[in-house]
Amino acid sequence: MEERTEPWNIAAQLDELRAQGLWRELRPLDEVDGVIVRAGGREWINFSSNDYLGLAGSPEIRTALAEGVARYGGGSGASRLVCGTHRVHVELEEALADFKGTEAALTFSSGFAVALGTIPALVGAGDTLILDKLCHASLVDAARLSGATIRVFPHNHLEKLERLLKTAKGRVLVVTESIFSMDGDAAPLREIVELKEKHGAWLLVDEAHAVGVLGPQGRGLAAELGVAQRVDLHMGTMSKAFGLSGGYLAASRKVIDLLINRARSFIYSTAPPFHLAHAISVALNVLRSEKGEVLRQTLHDNAQTMKDILRSIGIEPQLTPSAILPVILGDEELAMSASTRLREAGFLIPCIRYPTVARGRARLRVTACAMHSLAQIQSLGAALLAALHRFKATTPDP
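Residues numbered from 1 in each chain as written. Predicted model: local features only at pLDDT ≥ 70, side-chain atom pairs only at ≥ 80, totals over all residues. Heavy atoms only, no water.

## A closer look at the nonpolar core
Counting 87 residues, the largest nonpolar core has Phe47, Phe242 and Leu364 as the members making the most contacts within it. The biggest single contributor to this core is helix 12 (residues 274-287), with 9 residues. Ignoring sequence-local partners within four residues, the contact set of phenylalanine 47 consists of Met306, Phe347, Leu348, Ile349, Arg365, Val366, Thr367, His372, Gln376, Ile377 and Leu380. (Core = buried A, V, L, I, M, F, W, Y, C linked by side-chain atoms within 4.5 Å. Buried < 20%, exposed > 50% of the residue type's maximum accessible area, 1.4 Å probe, protein only. Helix = DSSP H or I, 4+ residues; strand = E, 2+ residues; numbered from the N terminus. Contact = heavy atoms within 4.5 Å.)

## Comments concerning the pairing of strand 11 (residues 324-330)
Judged by how many residues are buried, strand 11 sits mostly within the fold: 7 of 7 residues are covered. Neither face of strand 11 is open: one carries Ile324, Pro326, Ile328 and Gly330, the other Leu325, Val327 and Leu329, and all of them are buried.

## As for unusual backbone geometry
A cis geometry characterises the amide bond from tyrosine 354 onward to proline 355, with omega recorded as 10°. You can see proline 355 is positioned in the loop between strand 13 (351-352) and strand 14 (362-367). Its identity is not glycine, yet asparagine 9 carries a phi of approximately 50°, on the positive side. Within the secondary structure layout, asparagine 9 lies in the segment before helix 1 (10-19). The class of asparagine 9 is partly exposed, set by a relative accessible area of 43%. With a phi close to 60°, asparagine 156 is a non-glycine residue in the positive phi region. Structurally, asparagine 156 is set in the loop between strand 6 (149-153) and helix 7 (158-167).

## Remarks on helix 5 (residues 111-122)
A rise of 1.5 Å per residue sets the reference length of helix 5, with its 12 residues, at 16 Å; its end C-alpha atoms lie 17 Å apart and thus fit the reference within 8%. Helix 5 sits mainly inside the fold: 9 of its 12 residues count as buried. For helix 5, every residue scored as buried is listed here: Gly111, Ala113, Val114, Ala115, Gly117, Thr118, Ile119, Ala121 and Leu122. (Expected span 1.5 Å × (residues − 1).)

See the structure below:
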(Lines give C-alpha, C1' and ligand atoms only; values in the text may rest on other atoms or scores of the structure.)
Protein backbone atom coordinates (compact mmCIF):
# COMPACT_ATOMS: atom_id res chain seq x y z
CA MET A 1 0.00 0.00 0.00
CA GLU A 2 1.39 3.35 -1.03
CA GLU A 3 2.33 5.55 1.93
CA ARG A 4 0.33 8.74 2.13
CA THR A 5 2.28 11.98 2.31
CA GLU A 6 1.35 14.82 4.61
CA PRO A 7 1.23 17.99 2.48
CA TRP A 8 1.32 20.36 5.47
CA ASN A 9 4.18 18.50 7.19
CA ILE A 10 2.66 19.19 10.59
CA ALA A 11 4.87 16.71 12.42
CA ALA A 12 8.00 18.51 11.20
CA GLN A 13 6.56 21.84 12.31
CA LEU A 14 5.92 20.44 15.79
CA ASP A 15 9.43 19.02 15.96
CA GLU A 16 10.83 22.42 15.01
CA LEU A 17 8.88 24.12 17.79
CA ARG A 18 10.30 21.64 20.31
CA ALA A 19 13.82 22.12 18.99
CA GLN A 20 13.53 25.91 19.31
CA GLY A 21 12.25 25.76 22.88
CA LEU A 22 8.88 27.14 21.73
CA TRP A 23 6.69 24.11 22.42
CA ARG A 24 3.48 24.88 24.29
CA GLU A 25 0.86 22.65 25.83
CA LEU A 26 -2.28 23.05 27.88
CA ARG A 27 -2.09 22.24 31.60
CA PRO A 28 -5.60 22.02 33.03
CA LEU A 29 -6.20 23.18 36.58
CA ASP A 30 -8.58 21.30 38.83
CA GLU A 31 -9.37 24.20 41.16
CA VAL A 32 -8.79 27.94 41.41
CA ASP A 33 -9.14 29.39 44.90
CA GLY A 34 -8.13 33.03 44.81
CA VAL A 35 -4.39 33.06 44.13
CA ILE A 36 -4.07 29.35 44.93
CA VAL A 37 -4.46 26.88 42.05
CA ARG A 38 -4.55 23.10 42.29
CA ALA A 39 -4.10 20.19 39.91
CA GLY A 40 -3.23 16.51 40.34
CA GLY A 41 -3.05 16.75 44.11
CA ARG A 42 -0.57 19.67 44.09
CA GLU A 43 -1.06 23.36 44.64
CA TRP A 44 0.76 26.51 43.54
CA ILE A 45 0.64 30.20 44.35
CA ASN A 46 -0.43 31.91 41.14
CA PHE A 47 1.70 34.91 40.12
CA SER A 48 0.62 34.90 36.47
CA SER A 49 -3.05 35.88 36.50
CA ASN A 50 -4.58 39.09 35.13
CA ASP A 51 -7.33 38.92 37.78
CA TYR A 52 -5.70 41.97 39.36
CA LEU A 53 -8.33 42.76 41.98
CA GLY A 54 -9.31 39.17 42.74
CA LEU A 55 -12.89 39.69 41.58
CA ALA A 56 -13.14 36.45 39.58
CA GLY A 57 -13.84 34.39 42.69
CA SER A 58 -15.25 37.16 44.87
CA PRO A 59 -18.58 36.78 46.68
CA GLU A 60 -20.03 39.65 44.65
CA ILE A 61 -19.30 38.01 41.31
CA ARG A 62 -20.32 34.52 42.43
CA THR A 63 -23.64 35.91 43.65
CA ALA A 64 -24.15 38.02 40.52
CA LEU A 65 -23.58 35.03 38.22
CA ALA A 66 -25.99 32.88 40.21
CA GLU A 67 -28.60 35.66 40.18
CA GLY A 68 -28.09 36.18 36.48
CA VAL A 69 -28.53 32.52 35.59
CA ALA A 70 -31.61 32.27 37.82
CA ARG A 71 -33.09 35.37 36.17
CA TYR A 72 -31.98 35.01 32.55
CA GLY A 73 -30.93 31.39 32.02
CA GLY A 74 -27.94 30.30 29.95
CA GLY A 75 -27.16 31.40 26.41
CA SER A 76 -28.58 34.40 24.59
CA GLY A 77 -29.88 32.39 21.63
CA ALA A 78 -28.81 34.62 18.75
CA SER A 79 -26.65 37.50 17.59
CA ARG A 80 -27.38 40.98 18.87
CA LEU A 81 -29.00 42.08 15.59
CA VAL A 82 -31.34 39.08 15.43
CA CYS A 83 -32.92 38.60 18.86
CA GLY A 84 -29.89 38.46 21.12
CA THR A 85 -30.02 42.00 22.51
CA HIS A 86 -31.52 42.14 25.99
CA ARG A 87 -32.17 45.17 28.11
CA VAL A 88 -29.32 44.03 30.39
CA HIS A 89 -26.88 44.46 27.47
CA VAL A 90 -28.11 47.98 26.86
CA GLU A 91 -27.88 48.90 30.53
CA LEU A 92 -24.33 47.55 30.73
CA GLU A 93 -23.28 49.55 27.67
CA GLU A 94 -24.81 52.71 29.09
CA ALA A 95 -22.91 52.14 32.34
CA LEU A 96 -19.64 51.53 30.47
CA ALA A 97 -20.10 54.74 28.47
CA ASP A 98 -20.68 56.66 31.67
CA PHE A 99 -17.62 55.00 33.23
CA LYS A 100 -15.40 55.93 30.27
CA GLY A 101 -16.94 59.39 29.77
CA THR A 102 -18.16 58.74 26.21
CA GLU A 103 -21.51 59.04 24.46
CA ALA A 104 -21.89 55.32 23.91
CA ALA A 105 -20.27 51.90 24.19
CA LEU A 106 -20.61 48.49 22.57
CA THR A 107 -19.77 45.11 24.11
CA PHE A 108 -18.19 42.17 22.30
CA SER A 109 -17.54 38.53 23.19
CA SER A 110 -13.83 39.19 23.82
CA GLY A 111 -11.16 41.87 23.64
CA PHE A 112 -9.79 40.19 20.51
CA ALA A 113 -13.23 40.50 18.92
CA VAL A 114 -13.29 44.23 19.76
CA ALA A 115 -10.11 44.82 17.76
CA LEU A 116 -11.11 42.60 14.84
CA GLY A 117 -14.49 44.29 14.59
CA THR A 118 -13.55 47.90 15.24
CA ILE A 119 -10.42 48.57 13.22
CA PRO A 120 -11.53 47.12 9.85
CA ALA A 121 -14.89 48.87 10.27
CA LEU A 122 -13.24 52.28 10.54
CA VAL A 123 -10.27 52.15 8.14
CA GLY A 124 -9.50 50.36 4.89
CA ALA A 125 -7.64 50.61 1.60
CA GLY A 126 -6.22 54.10 1.11
CA ASP A 127 -6.10 54.79 4.87
CA THR A 128 -3.14 54.55 7.26
CA LEU A 129 -2.80 52.66 10.53
CA ILE A 130 0.11 53.62 12.77
CA LEU A 131 0.86 51.14 15.55
CA ASP A 132 3.31 50.92 18.42
CA LYS A 133 5.64 47.97 17.76
CA LEU A 134 4.59 46.25 20.99
CA CYS A 135 0.83 46.41 20.36
CA HIS A 136 -1.10 43.26 21.25
CA ALA A 137 -1.56 40.57 18.59
CA SER A 138 -5.28 41.37 18.33
CA LEU A 139 -4.49 44.93 17.24
CA VAL A 140 -1.86 43.74 14.75
CA ASP A 141 -4.19 41.13 13.26
CA ALA A 142 -7.01 43.66 13.00
CA ALA A 143 -4.70 46.11 11.25
CA ARG A 144 -3.73 43.48 8.69
CA LEU A 145 -7.35 42.53 8.16
CA SER A 146 -8.39 46.14 7.50
CA GLY A 147 -6.45 46.51 4.25
CA ALA A 148 -5.13 49.89 5.34
CA THR A 149 -1.47 50.79 4.95
CA ILE A 150 0.31 49.75 8.15
CA ARG A 151 3.13 51.76 9.63
CA VAL A 152 4.90 50.74 12.86
CA PHE A 153 6.91 52.98 15.16
CA PRO A 154 9.47 51.72 17.72
CA HIS A 155 7.98 51.27 21.16
CA ASN A 156 6.93 54.65 22.63
CA HIS A 157 9.14 56.48 20.09
CA LEU A 158 7.38 59.84 19.70
CA GLU A 159 9.75 61.29 17.10
CA LYS A 160 9.16 58.34 14.76
CA LEU A 161 5.43 58.54 15.37
CA GLU A 162 5.40 62.18 14.31
CA ARG A 163 7.40 61.42 11.17
CA LEU A 164 4.88 58.75 10.24
CA LEU A 165 1.97 61.10 10.92
CA LYS A 166 3.45 63.71 8.59
CA THR A 167 3.48 61.30 5.63
CA ALA A 168 0.30 59.33 6.36
CA LYS A 169 -2.41 59.16 3.68
CA GLY A 170 -6.20 58.96 3.90
CA ARG A 171 -7.89 58.53 7.23
CA VAL A 172 -5.21 58.05 9.87
CA LEU A 173 -5.65 55.94 13.01
CA VAL A 174 -2.97 55.71 15.69
CA VAL A 175 -3.18 52.58 17.84
CA THR A 176 -1.49 51.94 21.18
CA GLU A 177 -2.00 50.22 24.49
CA SER A 178 -2.02 52.36 27.61
CA ILE A 179 -0.27 49.69 29.70
CA PHE A 180 1.64 47.18 27.60
CA SER A 181 0.77 43.63 28.45
CA MET A 182 4.21 42.02 28.37
CA ASP A 183 6.43 44.83 29.71
CA GLY A 184 3.95 46.54 32.03
CA ASP A 185 5.16 50.00 31.01
CA ALA A 186 2.94 52.93 30.06
CA ALA A 187 2.45 54.74 26.77
CA PRO A 188 3.19 58.50 26.79
CA LEU A 189 -0.49 59.20 26.23
CA ARG A 190 -0.38 62.98 26.74
CA GLU A 191 2.24 63.37 24.02
CA ILE A 192 0.50 60.91 21.68
CA VAL A 193 -2.78 62.77 22.08
CA GLU A 194 -1.07 66.06 21.22
CA LEU A 195 0.55 64.55 18.12
CA LYS A 196 -2.64 62.96 16.81
CA GLU A 197 -4.52 66.25 17.27
CA LYS A 198 -1.75 68.22 15.60
CA HIS A 199 -1.91 65.99 12.51
CA GLY A 200 -5.67 65.38 12.40
CA ALA A 201 -5.53 61.67 13.23
CA TRP A 202 -7.74 59.52 15.42
CA LEU A 203 -6.45 57.56 18.40
CA LEU A 204 -7.45 54.10 19.66
CA VAL A 205 -6.16 53.23 23.13
CA ASP A 206 -6.41 49.69 24.45
CA GLU A 207 -6.78 50.02 28.23
CA ALA A 208 -7.06 46.27 28.91
CA HIS A 209 -4.39 46.26 31.63
CA ALA A 210 -5.20 49.72 33.01
CA VAL A 211 -8.96 49.68 33.56
CA GLY A 212 -9.75 48.79 37.15
CA VAL A 213 -6.10 49.33 38.06
CA LEU A 214 -5.35 53.00 37.32
CA GLY A 215 -7.18 56.31 37.39
CA PRO A 216 -10.17 57.63 39.35
CA GLN A 217 -12.65 54.79 39.94
CA GLY A 218 -10.27 52.59 37.94
CA ARG A 219 -11.17 54.32 34.66
CA GLY A 220 -7.70 53.79 33.22
CA LEU A 221 -4.49 55.61 32.37
CA ALA A 222 -6.12 58.15 30.04
CA ALA A 223 -8.39 59.28 32.88
CA GLU A 224 -5.47 59.36 35.31
CA LEU A 225 -3.55 61.65 32.94
CA GLY A 226 -6.58 63.84 32.24
CA VAL A 227 -6.72 63.11 28.50
CA ALA A 228 -9.65 60.68 28.35
CA GLN A 229 -11.93 63.18 26.60
CA ARG A 230 -9.34 63.59 23.86
CA VAL A 231 -9.10 59.87 23.04
CA ASP A 232 -11.40 58.92 20.16
CA LEU A 233 -11.70 55.18 20.74
CA HIS A 234 -11.46 53.52 24.16
CA MET A 235 -10.96 49.77 24.00
CA GLY A 236 -10.90 47.39 26.93
CA THR A 237 -11.75 43.96 28.26
CA MET A 238 -13.72 42.47 31.10
CA SER A 239 -11.32 39.53 31.40
CA LYS A 240 -8.77 41.18 33.68
CA ALA A 241 -9.63 43.53 36.57
CA PHE A 242 -13.35 42.87 35.99
CA GLY A 243 -12.72 39.17 36.73
CA LEU A 244 -15.04 37.96 33.95
CA SER A 245 -14.84 37.90 30.14
CA GLY A 246 -15.76 40.03 27.16
CA GLY A 247 -14.65 43.30 25.64
CA TYR A 248 -15.94 46.78 24.85
CA LEU A 249 -15.38 49.81 22.66
CA ALA A 250 -16.43 53.19 24.06
CA ALA A 251 -16.68 56.17 21.69
CA SER A 252 -19.09 58.66 20.16
CA ARG A 253 -22.65 57.62 19.37
CA LYS A 254 -21.93 57.79 15.62
CA VAL A 255 -18.94 55.47 15.91
CA ILE A 256 -20.91 52.92 17.92
CA ASP A 257 -23.78 53.06 15.40
CA LEU A 258 -21.28 52.42 12.62
CA LEU A 259 -19.84 49.43 14.46
CA ILE A 260 -23.30 47.96 14.98
CA ASN A 261 -23.62 48.01 11.19
CA ARG A 262 -20.08 47.14 10.12
CA ALA A 263 -18.14 45.32 12.87
CA ARG A 264 -18.22 41.74 11.62
CA SER A 265 -17.09 40.18 14.91
CA PHE A 266 -20.12 41.85 16.51
CA ILE A 267 -22.68 41.27 13.77
CA TYR A 268 -21.90 37.60 13.19
CA SER A 269 -21.33 36.43 16.77
CA THR A 270 -23.92 35.12 19.19
CA ALA A 271 -24.58 37.72 21.87
CA PRO A 272 -22.78 37.32 25.21
CA PRO A 273 -25.09 35.55 27.71
CA PHE A 274 -27.48 37.82 29.55
CA HIS A 275 -26.30 36.53 32.93
CA LEU A 276 -22.72 37.51 32.02
CA ALA A 277 -23.80 41.05 31.16
CA HIS A 278 -25.55 41.23 34.53
CA ALA A 279 -22.40 40.06 36.35
CA ILE A 280 -20.21 42.53 34.45
CA SER A 281 -22.50 45.35 35.59
CA VAL A 282 -22.01 44.21 39.18
CA ALA A 283 -18.22 44.06 38.69
CA LEU A 284 -18.27 47.59 37.25
CA ASN A 285 -20.08 48.80 40.34
CA VAL A 286 -17.39 47.20 42.51
CA LEU A 287 -14.64 48.90 40.50
CA ARG A 288 -16.27 52.28 41.08
CA SER A 289 -17.00 51.69 44.78
CA GLU A 290 -15.02 52.31 47.95
CA LYS A 291 -14.15 48.61 47.96
CA GLY A 292 -12.68 49.05 44.50
CA GLU A 293 -10.45 51.83 45.80
CA VAL A 294 -9.27 49.63 48.68
CA LEU A 295 -8.51 46.75 46.30
CA ARG A 296 -6.58 49.04 43.95
CA GLN A 297 -4.50 50.41 46.80
CA THR A 298 -3.76 46.90 48.02
CA LEU A 299 -2.77 45.88 44.49
CA HIS A 300 -0.36 48.81 44.15
CA ASP A 301 1.07 48.16 47.62
CA ASN A 302 1.68 44.51 46.67
CA ALA A 303 3.26 45.49 43.35
CA GLN A 304 5.60 47.90 45.13
CA THR A 305 6.53 45.23 47.67
CA MET A 306 7.32 42.85 44.83
CA LYS A 307 9.50 45.49 43.13
CA ASP A 308 11.38 46.06 46.38
CA ILE A 309 11.95 42.33 46.81
CA LEU A 310 13.10 41.89 43.21
CA ARG A 311 15.58 44.72 43.72
CA SER A 312 16.83 43.15 46.94
CA ILE A 313 17.74 39.91 45.12
CA GLY A 314 19.54 41.70 42.29
CA ILE A 315 16.74 42.00 39.73
CA GLU A 316 16.16 45.65 38.84
CA PRO A 317 12.43 46.00 38.07
CA GLN A 318 11.05 48.41 35.52
CA LEU A 319 9.58 51.61 36.88
CA THR A 320 6.02 50.94 35.80
CA PRO A 321 2.62 52.01 37.16
CA SER A 322 1.19 48.55 36.52
CA ALA A 323 1.05 45.22 38.32
CA ILE A 324 3.08 43.55 35.54
CA LEU A 325 6.69 42.85 36.53
CA PRO A 326 8.68 41.13 33.75
CA VAL A 327 11.92 39.34 34.60
CA ILE A 328 13.75 39.26 31.27
CA LEU A 329 15.99 36.22 30.82
CA GLY A 330 16.45 36.38 27.05
CA ASP A 331 17.03 32.75 26.13
CA GLU A 332 13.90 30.64 25.63
CA GLU A 333 15.31 27.49 27.22
CA LEU A 334 16.61 29.45 30.20
CA ALA A 335 13.20 31.02 30.75
CA MET A 336 11.53 27.61 30.48
CA SER A 337 14.00 26.16 32.96
CA ALA A 338 13.40 28.97 35.46
CA SER A 339 9.63 28.57 35.12
CA THR A 340 9.96 24.83 35.75
CA ARG A 341 12.06 25.42 38.87
CA LEU A 342 9.48 27.84 40.21
CA ARG A 343 6.69 25.38 39.50
CA GLU A 344 8.58 22.71 41.43
CA ALA A 345 8.89 25.22 44.29
CA GLY A 346 5.13 25.86 44.33
CA PHE A 347 4.76 28.96 42.14
CA LEU A 348 2.84 29.24 38.88
CA ILE A 349 4.69 31.66 36.57
CA PRO A 350 4.73 30.36 32.98
CA CYS A 351 7.45 31.83 30.78
CA ILE A 352 6.59 34.10 27.86
CA ARG A 353 8.42 33.39 24.59
CA TYR A 354 8.42 34.19 20.90
CA PRO A 355 6.15 35.03 19.10
CA THR A 356 4.40 36.71 22.07
CA VAL A 357 7.62 38.65 22.66
CA ALA A 358 10.59 39.21 20.35
CA ARG A 359 13.22 36.51 19.94
CA GLY A 360 15.83 36.79 22.64
CA ARG A 361 13.37 38.51 25.00
CA ALA A 362 11.91 35.46 26.77
CA ARG A 363 10.81 36.23 30.29
CA LEU A 364 9.00 35.36 33.45
CA ARG A 365 5.95 37.61 33.47
CA VAL A 366 5.22 38.10 37.16
CA THR A 367 1.93 39.78 38.03
CA ALA A 368 0.74 41.09 41.37
CA CYS A 369 -2.81 40.68 42.64
CA ALA A 370 -4.69 42.37 45.45
CA MET A 371 -5.24 38.93 47.00
CA HIS A 372 -1.55 38.09 47.44
CA SER A 373 -0.34 38.11 51.04
CA LEU A 374 2.97 39.57 52.20
CA ALA A 375 4.16 36.07 53.09
CA GLN A 376 3.39 34.80 49.59
CA ILE A 377 5.26 37.70 47.98
CA GLN A 378 8.26 37.19 50.26
CA SER A 379 8.33 33.47 49.51
CA LEU A 380 8.28 34.24 45.79
CA GLY A 381 11.38 36.39 46.23
CA ALA A 382 13.23 33.52 47.90
CA ALA A 383 12.12 31.10 45.20
CA LEU A 384 13.20 33.44 42.40
CA LEU A 385 16.60 33.88 44.00
CA ALA A 386 17.04 30.11 44.20
CA ALA A 387 15.76 29.55 40.65
CA LEU A 388 18.01 32.17 39.11
CA HIS A 389 21.09 31.92 41.31
CA ARG A 390 23.24 30.71 38.40
CA PHE A 391 22.04 33.33 36.02
CA LYS A 392 21.87 37.10 35.86
CA ALA A 393 18.29 38.22 35.31
CA THR A 394 18.05 41.42 33.31
CA THR A 395 15.32 43.93 32.63
CA PRO A 396 14.50 45.58 29.27
CA ASP A 397 16.80 48.35 28.13
CA PRO A 398 15.28 51.81 28.70
